[in-house]
Structures are given as C-alpha cells and as structure tokens.
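What the coordinates show
Here is how the chains run, residue by residue.
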Amino acid sequence: MALYWTREAIADRDTIYDYIEADNPAAALALDELFEEKATLLVDHPRMGRRGREADTRELVAHHNYILVYDVTGDGVRVLRVLHAARQWPPPER
C-alpha cells in the first residue's frame, strides 16, 4: 500500500509548520515529523483511525491537537487534511 498526501493536506502541514516555526523552529520540525510518522503507520494499518465524520473517511489523532483525515483507496492511503482538533469538521454547510 502507498501513502499519498493531497494538496490540501500538504498546505495544512505547511501552514501549521509556519505558524509554530515563528516561535519554536525545533517544535515545528518535530510536529511535522510526527505527522509523517503517524501517516506512515497507516500504510500497514489503514483501519487504525476512527471512522471519520465525513463519509468514507477515517481520522487518526496524530497529536492531542491535530487530526489526520484520510481515506483508503484501492492502492493506498490518502491523507486528505491535517486539522487542529478544535477546528469544526466537517465545515458547516452554507
């Protein structure tokens, strides 16, 4: 099984990294490495996370403040978003 990161998930990681790096570059790097480590675990254990709030998704708590939202495709695991735990997910309908 392969691991894929969507553009949205990569953008989420970049935003989180930049925000934390402003105050603590070492913590930003450690957190980003943790995201990668937790996502890599999903390759061998794709059902590791809980059932997601969006249809056909799953959610893995990567850190007490951050959740990886992902789905399982035919050939791999696709990380869809990296969200702060306090963020409303899914977003409200307009």
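The present account deals with the structure reproduced in this document. (Residues numbered from 1 in each chain as written. Predicted model: local features only at pLDDT ≥ 70, side-chain atom pairs only at ≥ 80, totals over all residues. Heavy atoms only, no water.)

Here we take up the side chain of Thr 6. Mapped onto the secondary structure, Thr 6 falls in the loop between β1 (2–5) and α1 (7–21). With a relative accessible area of 13%, Thr 6 lands in the buried category. Beyond its immediate stretch of four places on either side in the chain, Thr 6 contacts Arg 78, Val 79 and Leu 80. (Helix = DSSP H or I, 4+ residues; strand = E, 2+ residues; numbered from the N terminus. Buried < 20%, exposed > 50% of the residue type's maximum accessible area, 1.4 Å probe, protein only. Contact = heavy atoms within 4.5 Å.)

Attention now moves to the packing of α1 against helix α2 (residues 25–44). Relative to each other, α1 and α2 sit at 155°, their axes nearing to 7 Å. For the element pair α1 / α2, the angle class is roughly antiparallel. In terms of crossing hand, the pair formed by α1 and α2 is right-handed. The segment α1 lies against α2, with Arg 13, Ile 16, Tyr 17, Ile 20 and Glu 21 engaging Pro 25, Ala 27, Ala 28, Leu 29, Leu 31, Asp 32, Phe 35 and Glu 36. Along the lines of polarity and charge, the residues of the contact of α1 with α2 split into 9 nonpolar, no polar and 4 charged. (Axes fitted to C-alpha atoms, helices over the stretch in contact; angles between N-to-C directions. Parallel < 35°, antiparallel > 145°, perpendicular 65-115°, else oblique. Left-handed = near helix turned anticlockwise from the far one by under 90°. Nonpolar A, V, L, I, M, F, W, Y, C, P; charged D, E, K, R; others polar.)

Right, let's talk about α2 for a bit. Taking 1.5 Å per residue, 20 residues should reach 28 Å; α2 reaches 30 Å between its end C-alpha atoms and fits that length. Regarding α2, the residues found buried are Ala 28, Leu 31, Asp 32, Phe 35, Ala 39, Leu 42 and Val 43. Angularly, the buried residues of α2 cover 145° about the axis, an arc narrow enough to put them on a single face. Turned more than 90 degrees off the buried face of α2, the exposed positions are Ala 26 and Asp 44. Contacts made by the buried residues of α2 are with β1, α1, β3 (58–63), β4 (66–72) and β5 (76–84). (Expected span 1.5 Å × (residues − 1). Arc of directions from axis to C-beta.)

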